[in-house]
Amino acid sequence: MKKAVMITLCLLLTSSICAQQKNIKTMIKQKEMENSDVFERRKKKVQTYFEKVDSGKFDIDYYNLFTEDTELYFPKFGFSQGKEGIRQFGETMAGFLKNISHDIETFNYIVSENFVVVEGTEKGTLQSGKEWPDHTIAFGKFCNVFEFEKDLIKRMYIYVDPDVASEDIDRILLLNKEAKKNHPLFANQTEMIIKMFYDIQFGKKEGNIAELFADTVDWDLPGNKEKFPWTGKRHTKNEVAAFFQELSKNVESKKFEIDFISVNGQNATAAGRLSSKILKYDKVFDTEFVVIFKVMNGKIVKYHFLEDSYKLNEEMQ
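Residues numbered from 1 in each chain as written. Predicted model: local features only at pLDDT ≥ 70, side-chain atom pairs only at ≥ 80, totals over all residues. Heavy atoms only, no water.

Asker: Provide a residue-level description of the packing of aromatic side chains, including the pertinent values.
Answerer: Under the definition given, this model contains 41 aromatic pairs. Seen from their ring centres, Phe 213 and Trp 219 are 5.7 Å apart, and the 55 degrees between their planes marks the pair as tilted. Of the two residues, Phe 213 and Trp 219, both sit in the buried class. Pairwise contacts between aromatic rings join Phe 197, Tyr 198, Phe 202, Phe 213, Trp 219, Phe 243, Phe 244, Phe 256, Phe 289, Phe 293, Tyr 303 and Phe 305 into one cluster. Above the plane of the ring of Tyr 157 lies Arg 155, whose end atom (NZ or CZ) is 4.2 Å from the centre. (Phe/Tyr/Trp six-rings, centres within 6.5 Å; stacked < 30°, edge-to-face > 60°. Buried < 20%, exposed > 50% of the residue type's maximum accessible area, 1.4 Å probe, protein only. Lys NZ or Arg CZ within 6 Å of the ring centre and 35° of its normal.)

Laid out in structure tokens, this is it:
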């Protein structure tokens, strides 16, 4: 009798355990289905966000994607709060972006509880007309972190390089040693520095011209240093500053015309004609000239000024 009771109890216990396991499996499956439904709804919200941004339709449906107290972060822009902060961010971006588009179909999604993380690529055009990315220095990569409260975006942190068009020259020079060799960006930087040099030298722009030079400089202006103290070699930024002081004390510029500036990466040549009054001799000196520049890390590291130094020496008697 006892044996029969024990067998019955074991059968009942086994049946109960099987039922519980079945219920647990059913609950897990239901939870997975619920989570899947939640993810799909949130994924759709995220996709709608990017579609609205790409089309420029910042309508009521766009703002209704967010909670009233939503928080946004974007590098250099900083943080903003609420739907008004979202609006201000949009206006800021519109100030320098003419358009933007995201490759929504190729997005990677990572889901964890209330978070949806999106990894993808984007492209666009600046207000200046410049298209980005260049696929040499920048590649349009970004990552957005969305935190949800139910089906609304409570927090959106955007992780992307704001320098979408690769114009942050100083950082590129520090981080990308290969791209700077052939990228046209650096030819533009060299030309910009040289133009600034001449604008400051001839009063078109205010500034300390010596600050355009690196701390160590390969400077040469051949000439008879005993007669013309501003000539000769110099090696430091301070010595360059002293040159311009000596030049202003001894020489009065009558004419300085640049025929052309030729730029090849970090190297450049300027050619032209000048006419200067040498105050000590009270005579005017005319000559053609060539200047050889080299610009690195946004600073002039080489400056060789070539003129008819023999003619200068002979005429100033």
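Asker: Summarise the pattern of salt bridges; cite the residues concerned and give the values.
Answerer: Using the criterion set out here, one finds 15 salt bridges in the structure. We note a salt bridge from Asp 215 to Lys 237, for which the minimum N-O separation is 3.5 Å. With Asp 215 in strand E9 (residues 213-221) and Lys 237 in helix H7 (residues 237-250), this pair connects stretches of sequence that are 22 residues apart. For Lys 237, a relative accessible area of 16% corresponds to the buried category. With a closest N to O distance of 3.3 Å, Asp 220 and Lys 233 form a salt bridge. You can see Asp 220 sitting in strand E9 and its partner Lys 233 sitting in strand E10 (residues 232-236), a full 13 residues away along the chain. The network of salt bridges with shared partners includes Asp 69, Glu 149 and Lys 154. (Salt bridge = Lys/Arg side-chain N within 4 Å of Asp/Glu carboxyl O. Helix = DSSP H or I, 4+ residues; strand = E, 2+ residues; numbered from the N terminus.)

Asker: Let's hear about the side chain of Asp 220: which residues, and what values?
Answerer: Relative accessible area serves as the criterion here: at 15%, Asp 220 is assigned to the buried category. Engagement of the side chain of Asp 220 in a polar contact is seen with the side chain of Lys 233, the distance being 3.3 Å. The contacts of Asp 220, once residues within four sequence positions are left out, are Gly 232, Lys 233, Tyr 303, His 304 and Phe 305. (Polar contact = N/O pair within 3.5 Å; in protein donor to acceptor, adjacent residues only side chain to side chain. Contact = heavy atoms within 4.5 Å.)

Asker: Please give an account of helix H3 (residues 82-96) that cites residues and values.
Answerer: Here H3 contains 15 residues, and its C-alpha end-to-end distance of 23 Å stays within 8% of the 21 Å for a straight helix at 1.5 Å per residue. Within the sequence span of H3, burial applies to Gly 82, Lys 83, Gly 85, Ile 86, Phe 89 and Met 93. When H3 is viewed along its axis, its buried side chains cluster within an angular range of 155 degrees and face the same direction. Those residues of H3 hidden inside the fold are in contact with helix H2 (60-63), strand E1 (66-74), strand E2 (78-81), strand E3 (97-102) and strand E8 (152-159). (Expected span 1.5 Å × (residues − 1). Arc of directions from axis to C-beta.)

Asker: Give me the lowdown on the pairing of E8, citing residues and values where you can.
Answerer: Strand direction decides the pairing type here: E1 and E8, joined by four bridges, are parallel. Within E8, the residue paired with Phe 66 across the bridge is Ile 153. One ladder, built from seven bridges, connects strand E7 (residues 141-149) with E8; its direction is antiparallel. Looking at E8, one finds that Glu 147 is bridged to Arg 155. A loop of two residues connects E7 with E8, the two strands running antiparallel in sequence, and Lys 150 in this loop sits at a positive phi of about 60 degrees. (Pairing = 2+ DSSP bridges.)

Asker: Can you lay out the pairing of strand E12 (residues 267-278) for me, pointing to particular residues and giving the numbers?
Answerer: As paired elements, strand E11 (residues 251-264) and E12 share 12 bridges and run antiparallel to each other. Each residue of the ladder has a partner; that of Ile 261, found in E12, is Ala 270. Counting the residues in the hairpin turn of E11 and E12 gives two residues, including Gly 265, whose phi is positive at 65 degrees. Bridge count for E12 against strand E13 (residues 283-296) is 12 bridges, and the pairing is antiparallel. Bridge pairing links Thr 269 to Ile 292 in E13. In this antiparallel pair of consecutive strands, E12 and E13, the connection spans four residues, and Asp 282 shows a positive phi of 55 degrees.

Asker: An account of the nonpolar core is needed here, citing residue identities and associated values.
Answerer: Membership of the largest hydrophobic core comes to 32 residues, with the highest contact counts inside it found for Phe 197, Phe 213, Trp 219, Phe 293, Ile 300 and Tyr 303. Broken down by secondary-structure element, the contributors of at least two residues to this core are helix H6 (184-201), E9, H7, E12, E13 and strand E14 (299-306). Contacts of Phe 197, omitting those with residues within four sequence positions, involve Ile 209, Leu 212, Phe 213, Phe 244, Phe 293, Ile 300 and Tyr 303. Tyr 62, Leu 65, Leu 72 and Met 156 belong to the second largest nonpolar core, which has 30 residues in total. (Core = buried A, V, L, I, M, F, W, Y, C linked by side-chain atoms within 4.5 Å.)

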